[in-house]
Number of protein chains: 2
Amino acid sequence: MAIIVQKYGGTSVGNTERIRNVARRVARYREQGDQVVVVVSAMSGVTDTLIKLAKEITALPDEREMDMLLATGEQQTIALTAIALQSLGIQAASLTGAQAGIVTDGVHTKAKIQNIAPHEVHRLLDAGNVVIVAGFQGQTEEGQITTLGRGGSDLTAIALAAALKADLCQIYTDVDGVYTADPRIVPSAKKISEIAYDEMLEMAGAGSKVMQLRSVEFAKKFNVVFEVRSSLNDNPGTLVKEETRSMEGVVVRGVSLDKNQAKVTLFGVPDRPGMAARIFKALANSAVNVDMIIQNVHAGSQPTSDLSFTVDKPDLLKARKVIDALAQEVGIREVVADENIGKLSIVGVGMKSHSGVAAKMFEVLAEEGVNIDMISTSEIKISVVIELSKGEIATRAIHRAFLEC
Amino acid sequence: MAIIVQKYGGTSVGNTERIRNVARRVARYREQGDQVVVVVSAMSGVTDTLIKLAKEITALPDEREMDMLLATGEQQTIALTAIALQSLGIQAASLTGAQAGIVTDGVHTKAKIQNIAPHEVHRLLDAGNVVIVAGFQGQTEEGQITTLGRGGSDLTAIALAAALKADLCQIYTDVDGVYTADPRIVPSAKKISEIAYDEMLEMAGAGSKVMQLRSVEFAKKFNVVFEVRSSLNDNPGTLVKEETRSMEGVVVRGVSLDKNQAKVTLFGVPDRPGMAARIFKALANSAVNVDMIIQNVHAGSQPTSDLSFTVDKPDLLKARKVIDALAQEVGIREVVADENIGKLSIVGVGMKSHSGVAAKMFEVLAEEGVNIDMISTSEIKISVVIELSKGEIATRAIHRAFLEC
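Residues numbered from 1 in each chain as written. Chains lettered and ligands numbered in written order. Predicted model: local features only at pLDDT ≥ 70, side-chain atom pairs only at ≥ 80, totals over all residues.

Participant: What is the right way to look at the overall build of chain A in this model?
Facilitator: Regarding its fold elements, chain A presents 11 helices and 20 strands. For 405 residues, the compact-globule estimate of 2.2 N^0.38 gives 22 Å, and the C-alpha radius of gyration of chain A, at 24 Å, lies within 12% of that figure. Seen through its principal axes, chain A has C-alpha atoms that stretch 80 × 55 × 30 Å. Looking at chain A as a whole, 48% of its 405 residues are labelled buried. Counting only contacts in chain A whose residues sit at least 6 apart along the sequence, the fraction spanning at least 24 positions is 74%. (Helix = DSSP H or I, 4+ residues; strand = E, 2+ residues; numbered from the N terminus. Rg over C-alpha atoms; globule rule 2.2 N^0.38 Å. Buried ≥ 20, exposed ≤ 12 C-beta atoms within 10 Å, placed from the backbone. Contact = placed C-beta atoms within 7 Å.)

Pasting the structure below:
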């Protein structure tokens, strides 16, 4: 008898009709004789409504109380899902995160799971129940209710799968799986049947927002194999797992285009030791997340360097403030920001054992007349910054060259 | 430093503006240096919305899951109330029923409080917080979430006041307190400043629906003095407490008219031992709540009796079904139901030491031309069943005779 953990997001449980659909799917698995644990998010819209209520009272509500408030969203869904299963004749019982034994640290609104003691989950499973667990939430050792922050329900499912030593972990979402490229940009994009954790991480980092990084990191750490699939059909999804030898046969697993980056260039930065550290420490202190960094040094009697880096677009204003303040202080000649960029990335564990991948990528872009602004590489990823208006053409050309042969 | 427990119902916390008003009131007490524990209900409408969602899925949702679902209503209010207090600069922390140490039996949707272990309430109070506790809910010894049923938040407040040995327990509602009569019927009705538990119980039983019986019973059992008062103004309310010597000086504390009763009369019931037991057992088995009972025996060779009783109007149909079935079986001559009745009651602990109260009541009614259909008396209450159309005139006359002199 296998243990299956299934996670359904807010859209999949967005109203009672959809909750019934989820129940029917769960019932099919249960009727095959497996033990099923279902993790659900709040019904779509509920969390936003609750946040709106709190903000009606004050702009900066206390985080402990926000956790108390927001945890009710998932608690409602677990009860309704259990009721829906029972109405199909399936024995079911719901558990809050706290009841399911999910113990977190005390960092409210973005708590980290420290430990899972799923006695109650096991007890209810052994008594013949489908067990419905509230995603996104847990409690501290002292019994304070906490929430896990964005993507928290995925994390709950993967952590529970690890703790229960589940045979299968399915993340149901509104897409069919992970694609070789965004099908809205590349109509010929194909669903990927298997992807390595590291590839999934680089894809997520490159702007493919199927899942939050930390859920994939957690799955990698505890070696939880999981499948990303659609709650709207029965198509097999994408299996995310440890890298295997056979995966290396494919050089490029996927292409992604991140339109959400902006570039900041600092011209004439005094070329002194510790200058870069000072700049990026100032940005980090302001919680600006920097992605790519490039530096060129101009030789001369008073050597200076030009420094470019990219940040998420919403952080650009904050980044400019930090840099403008610093520019005066240390004598940077000019600061220029550019929002019209796109970051194009190719990802694949096969790159480790294949040479000439970068050269081929640059060649394809050159053929399309796309100018490369910045380059950054890792063992399994190559990213380039290009003009935003050329982003989609470039993505299609790269997909054609690497994934349609 | 006194401990004050305040309870606010669903209307008082019906939106964020009202929650702010509650917070302002709580803040005033806190600023006087007292320790304040606030018990809140779900925002008005929230519980109904949740019930509606469950009923969209199935007509008879599981009671364990309904508790899981409904408990979220109060949990939302405690968080919002804490946030509102904090926005006024008052240190506050919320607790679910479970976190507040409210332990109940396992009878879902109508659990009974078994025990309160308010360590966490004390800890938070001692750390300088106003503590906001979710009404209406608790958990079993095994950690199952339960709800207390109708009027449950009042019960939470009174039980917490007992457990904390609070100096004051205030039940905030949308009326100013308990009145000598319903002011909509008797414009000259006056607010009662002090009332004995037993009087309050009889008033509630007589149709004055300020509070549920069981909260008053609980308060009486643990001798919790509480005040019923309005959340819309600062008027003193009605203090409900142990009977004192001075209370006996007032013969009649209040008058109430219950328009929600119906009368069933059984003519020609065979006058055999056990006949009444059989009739009322059958009604009890069908969960029909019988209030007043009158029986007259007609002597003769085959003695029969006429039996009348009153039930809540919504139960009349069920009662008729039970009685009609029985009528055939045991040979009852005729069954007549009458919905056009009113039950008029006067209540007062002073009746114990005053004679002639009933006689005076009957005399006043006779002067008004009101015919008395049934009579029932207890030590501190006299109830009569009269024609519904004369109910309000009779109530005013009785109020004039006993309470306006």
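Participant: For this particular structure, what's the right way to read the sheet that holds strand β18 (residues 341-347) of chain A?
Facilitator: Note on sheets: strands pair through backbone hydrogen bonds, and any given pair is parallel or antiparallel. Residues and elements named next belong to chain A. Spatially, 4 strands are ordered β13-β18-β20-β19 in an open sheet, and the strand pairing comes out antiparallel. The sheet terminates laterally at β13 (254-258) and β19 (372-378), the two strands that pair on one side only. On average, each strand axis in the sheet is inclined to that of its neighbour by 15°, with strand direction left out of account. (Pairing = 2+ DSSP bridges. Axes fitted to C-alpha atoms, helices over the stretch in contact; angles between N-to-C directions.)

Participant: What is the right way to look at the relation of the copies chain A and chain B in this model?
Facilitator: There are two copies of the chain, and a rotation about an axis plus a shift along that axis relates them. Mapping chain A onto chain B calls for a screw motion: a turn of 179° about the axis and a shift of 0.1 Å along it, with 0.2 Å RMSD after fitting. Seen this way, the second copy is the image of the first under a two-fold rotation axis. Measuring from the rotation axis to each C-alpha of chain A, the shortest distance belongs to Thr 72 of chain A, at 2.7 Å. When you check the interface residues of chain A against chain B, 100% turn up at the interface there too, and the contact is symmetric in its surfaces. (Least-squares fit on C-alpha atoms with pLDDT ≥ 70 in both.)

Participant: Looking at this model, I keep getting lost on the nonpolar core. Mind explaining?
Facilitator: The tendency in soluble globular proteins is for nonpolar side chains to be buried side by side. Counting residues in each nonpolar core, the largest one holds 237 residues, and the members touching the most others are Val 133 of chain A together with Val 133 of chain B. Those residues within four positions of Val 133 of chain A in sequence are excluded, and the remaining contacts are Val 37, Val 39, Ile 78, Leu 95, Gly 97, Ala 100, Val 121, Thr 156 and Leu 160 of chain A. (Core = buried A, V, L, I, M, F, W, Y, C linked by C-beta atoms within 7 Å.)

Participant: I tried to follow the environment of Pro 303 of chain A on my own but got confused; where do I start?
Facilitator: All names here are of chain A. Along the chain, Pro 303 falls in the loop between β15 (290-298) and β16 (304-312). Residues Pro 303 and Gln 35, 268 residues apart in the sequence, show an inter-C-alpha distance of 67 Å. Setting aside its immediate chain neighbours within four residues, Pro 303 contacts Asp 271, Val 297 and His 298.

Participant: Would you mind showing me how to read helix α2 (residues 46-57) of chain A here?
Facilitator: One full turn of an α-helix is made of 3.6 residues, so residues set three or four places apart face in the same direction. For α2 of chain A, spanning 12 residues, the distance from its first C-alpha to its last is 17 Å, which sits close to the expected 16 Å at 1.5 Å a residue. For α2 of chain A, the full list of buried residues reads Val 46, Leu 50, Leu 53, Ala 54 and Ile 57 of chain A. Take α2 of chain A and look down its axis: the buried residues cluster within an arc of 95°, on one side only. Exposed residues pointing more than 90 degrees away from the buried face of α2 of chain A are listed as Asp 48 and Lys 52 of chain A. Buried residues along α2 of chain A sit against α3 (63-87) of chain A together with α1 (16-31) and α3 (63-87) of chain B. (Expected span 1.5 Å × (residues − 1). Arc of directions from axis to C-beta.)

Participant: Would you mind showing me how to read the environment of Ser 188 of chain A here?
Facilitator: Residue and element names in this part refer to chain A. If you trace the backbone, Ser 188 turns up in the loop between β9 (168-173) and β10 (194-196). On the basis of neighbour count, Ser 188 is assigned to the exposed category, with 12 C-beta atoms found within 10 Å. Not counting the four nearest positions on each side in its chain, Ser 188 is found in contact with His 399 and Glu 404.

Participant: Teacher, can you tell me more about the interface of chain A and chain B here?
Facilitator: It is common to report an interface's size as the accessible area lost on association of the parts. Each partner contributes residues to the interface: chain A has 28 residues there, and chain B has 28 residues. Taken together, the elements giving at least two residues each to the side of chain A that touches chain B come down to α1 (16-31), α2 and α3 of chain A. The element that contributes the greatest number of residues to the side of chain A that touches chain B is α3 of chain A, accounting for 14 residues. Here the residues of the side of chain A that touches chain B sort into 14 nonpolar, 10 polar and 4 charged. (Nonpolar A, V, L, I, M, F, W, Y, C, P; charged D, E, K, R; others polar.)

Participant: Hey, could you run me through the packing of helix α10 (residues 357-367) of chain B against helix α11 (residues 391-403) of chain B in this one?
Facilitator: Angle between the axes and distance between the axes: these two values describe a pair of packed helices. Residue and element names in this part refer to chain B. Relative orientation of the contacting elements α10 and α11 amounts to 130°, with a least axis distance of 10 Å. Classified by the angle their axes make, α10 and α11 are oblique. Crossing of α10 against α11: the hand is right-handed. Mapping the contact onto sequence places Lys 360, Met 361, Val 364 and Leu 365 in α10 and Ala 394, Ala 397, Ile 398 and Ala 401 in α11. Classifying every residue of the contact of α10 with α11 gives 7 nonpolar, no polar and 1 charged. (Parallel < 35°, antiparallel > 145°, perpendicular 65-115°, else oblique. Left-handed = near helix turned anticlockwise from the far one by under 90°.)

Participant: Got a minute to help me understand the sheet that holds strand β14 (residues 261-270) of chain A in this structure?
Facilitator: Residues and elements named next belong to chain A. Strands sit in the order β15-β16-β14-β17 across an open sheet of 4 strands; the sheet is antiparallel. Here the strands that pair on one side only, and so sit at the sheet edges, are β15 and β17 (334-338). Strand after strand, the sheet turns through a mean of 15° between neighbouring axes, direction not considered. Of the pairings in the sheet, the one linking β14 to β17 comprises 5 bridges and is antiparallel in character. The partner of Val 264 across the bridge, within β17, is Ala 337.

Participant: Please clarify how the confidence of the model for chain A should be interpreted in this entry.
Facilitator: In low-pLDDT segments, the atomic positions of the prediction should not be examined closely. Averaged over chain A, the pLDDT score is 93; the fraction of residues at 70 or greater is 100%. Across the whole predicted complex the pTM is 0.87, and at the interface the ipTM reaches 0.86. (pLDDT = per-residue confidence, 0-100.)

Participant: Please explain the pairing of strand β19 (residues 374-378) of chain B as it appears in this structure.
Facilitator: Both faces of the sheet carry side chains from a regular strand, because those side chains alternate between them. All names here are of chain B. Where β19 meets strand β20 (residues 381-387), 5 bridges bridge the pair, whose relative direction is antiparallel. Bridge pairing in β20 places Thr 377 opposite Ile 382. With antiparallel pairing between neighbouring strands as the criterion, β19 and β20 make up a hairpin whose turn holds 2 residues.

Participant: Even after reading the chapter, I still don't get the pairing of β15 of chain A, so can you show me in this structure?
Facilitator: All names here are of chain A. Summarising the sheet, β15 and β16 pair through 7 bridges and their orientation is antiparallel. Looking at the pairing, Val 297 lines up with Ser 305 of β16. Linking two consecutive strands that pair antiparallel, namely β15 and β16, is a turn of 5 residues; a positive phi of about 150° is found at Gly 300 within it.

Participant: In this structure, what is going on with the packing of α2 of chain A against α3 of chain A? I would like to understand it.
Facilitator: Residue and element names in this part refer to chain A. Following both chains from N to C, one finds α2 and α3 inclined at 155°, their axes separated by 9 Å at the closest point. In this view, α2 runs roughly antiparallel relative to α3, as classed from their interaxial angle. Here α2 and α3 pass one another in a crossing that is right-handed. Here Val 46, Thr 47, Leu 50 and Ala 54 of α2 come into contact with α3, specifically with Met 66, Leu 69, Leu 70, Gly 73 and Gln 76. Of the residues belonging to the contact of α2 with α3, the class tally is 6 nonpolar, 3 polar and no charged.

Participant: What is the right way to read unusual backbone geometry from this model?
Facilitator: Both trends apply: most residues other than glycine have a negative phi, and most peptide bonds are in trans. All names here are of chain B. A positive phi is found at Lys 165, a non-glycine position, where the angle reads about 50°. Structurally, Lys 165 is set in the loop between α5 (152-163) and β9 (168-173). Of the residues examined, Lys 165 has 8 C-beta atoms within 10 Å and is grouped as exposed. Despite not being glycine, Ala 287 has its phi angle at roughly 60°, a positive value. By the element assignment, Ala 287 lies in the loop between α8 (275-285) and β15 (290-298).

Participant: Can you help me understand the environment of Leu 50 of chain B in this one?
Facilitator: Inspection of the secondary structure puts Leu 50 of chain B in helix α2 (residues 46-57). Expressed as a C-alpha distance, the spacing of Leu 50 of chain B and His 399 of chain B, which sit 349 residues apart in the sequence, is 42 Å. For Leu 50 of chain B, the residues in contact, after removing those within four places along its chain, are Gln 76 of chain A together with Leu 69, Leu 70 and Gly 73 of chain B.

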